[in-house]
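A structural walkthrough
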Amino acid sequence: MIKNCKYSIIFQVCGLVMVEIFLVSSCKKKAIIGEDAYGGGIGSFGIKFLNETPEPEIAAPGTAVMIQVEGLKEYQDTLKFFVNQTEAEVHEVSDSTIVVIIPETASSGGTSVEIKGQIFFGPEIKVSGNVEADYFEGAGIDGFILDYKLLTSGNYLLTGAIKDYNTQATKDKPISNLLQIRPDGAYQTSLEFGKGAGGAVYTINQLPDGSFVIGGSFNSYHNENGIQNITRLNADGTLDTMIVHLRNPDPTDIINNSDTVAAFNGGVIGRVQRTFITTDDTTVTLVGRFSKYVRYFYEESTKEQKIRDETAISQLVRLKLSDGSMDSTFNFDELTNQSGAGGNGAINDAVIQNDGKIIIVGEFTSFHGQPANRIARINKDGTLDATYNAGGTGANENINSITYNPTTQKYLISGIFTNYNGKETRGIAMLDAEGKNDAGFEFGELTGGVANYAAQLNDGKIIVSGTFDRYRNVVRQGFMILNSDGTLSAKYNNTGSFQGVIEAIHESPGTAATSVLLMGNISRFDNEKVGNIVRINITN
């Protein structure tokens, strides 16, 4: 028995060695593009893509493209050829090539052949059209962009959760949630942000004197504490500060008689989503996910222990730009010493109208105790405007963003809702100034995911991003451009896969083309890796 076992072991070891030799030999075999993707199945049918470069490499819809591939001649009457999942017309098949016509609705992406239920993958084809990406050099932004401001110099001041840009951040000069770049993407250091904000900056405004108001989720700036999610910066990017006199338990230690603190003495407990400066530039309205207003009493504070007052304020507050004190004429009842009830769910986004009223969207179904299904308008005194969307039912699920184009005077909302004011719509709706559906816009069927952003350009075209893979049964992988009526814009949907969320866009109209800067949490555009910012040129 022992001898038999010995021979059995030797046989098994030899078998394993033979298997290992076979595997090593197999691994050394040259890989051919698009051989049977389901190895061990029916077989490869002898299909071999021979070259990764189609002829031509870039082709417009309606153009014939030749691809080198062996083994298709036998199946020319039954095969199907796809360009980025869109079936293409097969024009000619030879022993070593296939010629196909780029479909009118095709976009850039990989090619594939289907034969008897098996898929064979080929090279990528770049589909030309009226949209072309202009990529910035380098790795881009480490983090994501939430807001921006176009400066008088032509540079962009970007804010968000930003930790680096093209590896430019250093220990002595870090990049902490504020970043200045030139239009060509070059890093700029003319603004002195120092150590920057101690958390994400969600919103930024610039005042006529060049100074800035930033809001978000941070409690320090350049390592200066005493800041609660909003502060004011000087025009050069430094913190606007003042010297305050303090209580000093030890008068002999005169260094504790005073302190340098933020001049804007006011803030909130919770995140600031949006800020809006009033037309007279005297106050700033905060919208967000906060529950209290706070202000420091420095005259009762010591250097080690700052005393502050807290007031119950829900989601909306207006502060004076001169010193950060609260404007009690907005969303505040002096008898109860608190604000209105606010929403029974979070505010996700907001825009301001020309008359100073603010439209808010989010996850609430009531606001200030009144029905308001995920959208409402706030009067200039902070009360709910009952005339907005009067008689409308609002959205049946959450609204995540709202944008406004002053040229077209239209609003676009996006989210996970499927119905707005009784009209079926899959996550996008166009509204007028009073919150009613725009009769000329019809958003089509969206499959494979949801829309997370929509904004209208000055010429009426609409940019949409999300996690979807098809729109009206046309392959659109996370990004598309629509006409103002909601149909896909012909020749403007040639780009391939998009991954991420757009948080903001900046449009620069031109004679021959319109340049649009896309900013947000973007990892891929037109099948290429990007660092949360990319410019697209849209031919007029």
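Residues numbered from 1 in each chain as written. Predicted model: local features only at pLDDT ≥ 70, side-chain atom pairs only at ≥ 80, totals over all residues. Heavy atoms only, no water.

**Notes on the pairing of strand β35 (residues 462–466)**
Here β35 lies mainly inside the structure; five of its five residues are buried. Judged by which residues are buried, β35 turns out to be covered on both faces: Ile462, Val464 and Gly466 on one side and Ile463 and Ser465 on the other are all buried. By the bridge criterion, five bridges tie strand β34 (residues 451–456) to β35 in an arrangement that is antiparallel. The partner of Ala455 across the bridge, within β35, is Ile463. What sits between the antiparallel neighbours β34 and β35 is a turn of five residues, in which Gly460 has the positive phi angle 100°. In this sheet, strand β38 (residues 479–482) lies alongside β35 in antiparallel orientation, the contact comprising four bridges. Bridge pairing in β38 links Val464 to Met480. (Buried < 20%, exposed > 50% of the residue type's maximum accessible area, 1.4 Å probe, protein only. Helix = DSSP H or I, 4+ residues; strand = E, 2+ residues; numbered from the N terminus. Pairing = 2+ DSSP bridges.)

**Things to note about the sheet that holds strand β32 (residues 428–431)**
One open sheet holds the three strands; their spatial order is β28-β29-β32, and the pairing between them is antiparallel. Looking at strand neighbours, the two that pair on one side only are β28 (399–405) and β32, the edges of this open sheet. Going across the sheet, the axis of each strand differs from the next one's by a mean of 20°, ignoring polarity. Alignment of β28 against strand β29 (residues 410–415), held across six bridges, turns out to be antiparallel. The residue of β29 that forms the bridge with Ser401 is Ser414. (Axes fitted to C-alpha atoms, helices over the stretch in contact; angles between N-to-C directions.)

**Observations regarding the packing of aromatic side chains**
According to the stated counting rule, one finds 10 aromatic pairs in the structure shown. Between the aromatic rings of Tyr165 and Tyr187, the centroid separation amounts to 6.5 Å while the plane-to-plane angle is 50°, which identifies the pairing as tilted. Placement of the pair is Tyr165 in strand β11 (residues 156–165) and Tyr187 in strand β13 (residues 187–188), with a sequence separation of 22 residues. For Tyr165, a relative accessible area of 1% gives the class buried. Given the relative accessible area of 23%, Tyr187 is considered partly exposed. Ring pairs connect the aromatic residues Phe441, Phe443 and Tyr471, which therefore count as one cluster. The residue whose ring lies beneath Lys461 is Tyr492, and the NZ or CZ to ring-centre distance is 4.5 Å. (Phe/Tyr/Trp six-rings, centres within 6.5 Å; stacked < 30°, edge-to-face > 60°. Lys NZ or Arg CZ within 6 Å of the ring centre and 35° of its normal.)

**Notes on the confidence of the model for the chain**
Looking at the chain as a whole, the pLDDT averages 91, with 92% of positions reaching at least 70. Low pLDDT (under 50) marks residues 1–33, which in the prediction has nine contacts with non-local residues, meaning those over four places away or in another chain. (pLDDT = per-residue confidence, 0-100. Contact = heavy atoms within 4.5 Å.)

**A look at the environment of Thr252**
Note on placement: Thr252 falls in the loop between β17 (241–245) and β18 (258–262). We classify Thr252 as exposed; its relative accessible area is 69%. Separated by 57 residues in sequence, Thr252 and Lys195 place their C-alpha atoms 33 Å apart. Engagement of the side chain of Thr252 in a polar contact is seen with the side chain of Asp250, the distance being 2.5 Å. (Polar contact = N/O pair within 3.5 Å; in protein donor to acceptor, adjacent residues only side chain to side chain.)

**Observations regarding the pattern of salt bridges**
Inspection of the entire model under this criterion finds 17 salt bridges. In this structure, Glu363 engages Arg289 in a salt bridge whose closest nitrogen and oxygen atoms are separated by 3.8 Å. Of the two residues, Glu363 is situated in the loop between β24 (358–362) and β25 (366–367) and Arg289 in strand β20 (residues 283–296); the sequence distance between them amounts to 74 residues. One salt bridge connects Arg295 with Asp323, and the closest N-O pair in it is separated by 3.8 Å. Here Arg295, found in strand β20, pairs with Asp323, found in the loop between β22 (316–320) and β23 (347–352); they are 28 residues apart in sequence, far enough to count as distant. A relative accessible area of 26% places Asp323 in the partly exposed class. Connected through salt bridges with shared partners, the residues Lys357, Arg377, Asp385 and Glu434 form a single ionic network. (Salt bridge = Lys/Arg side-chain N within 4 Å of Asp/Glu carboxyl O.)

**A closer look at the side chain of Arg374**
Here Arg374 shows up in the loop between β26 (370–371) and β27 (375–378). It turns out Arg374 is buried and unbridged, and the closest side chain with the opposite charge, Glu397, is 4.5 Å from it. Polar contacts involving the side chain of Arg374 include one to the main-chain carbonyl oxygen of Asn396, which spans 3.3 Å. Those residues in contact with Arg374 that lie beyond four places of it in its chain are Ile360, Val361, Gly362, Glu363, Phe364, Thr365, Ala395, Asn396, Glu397, Asn398 and Ile399. (Lys, Arg positive; Asp, Glu negative; His and termini not counted.)

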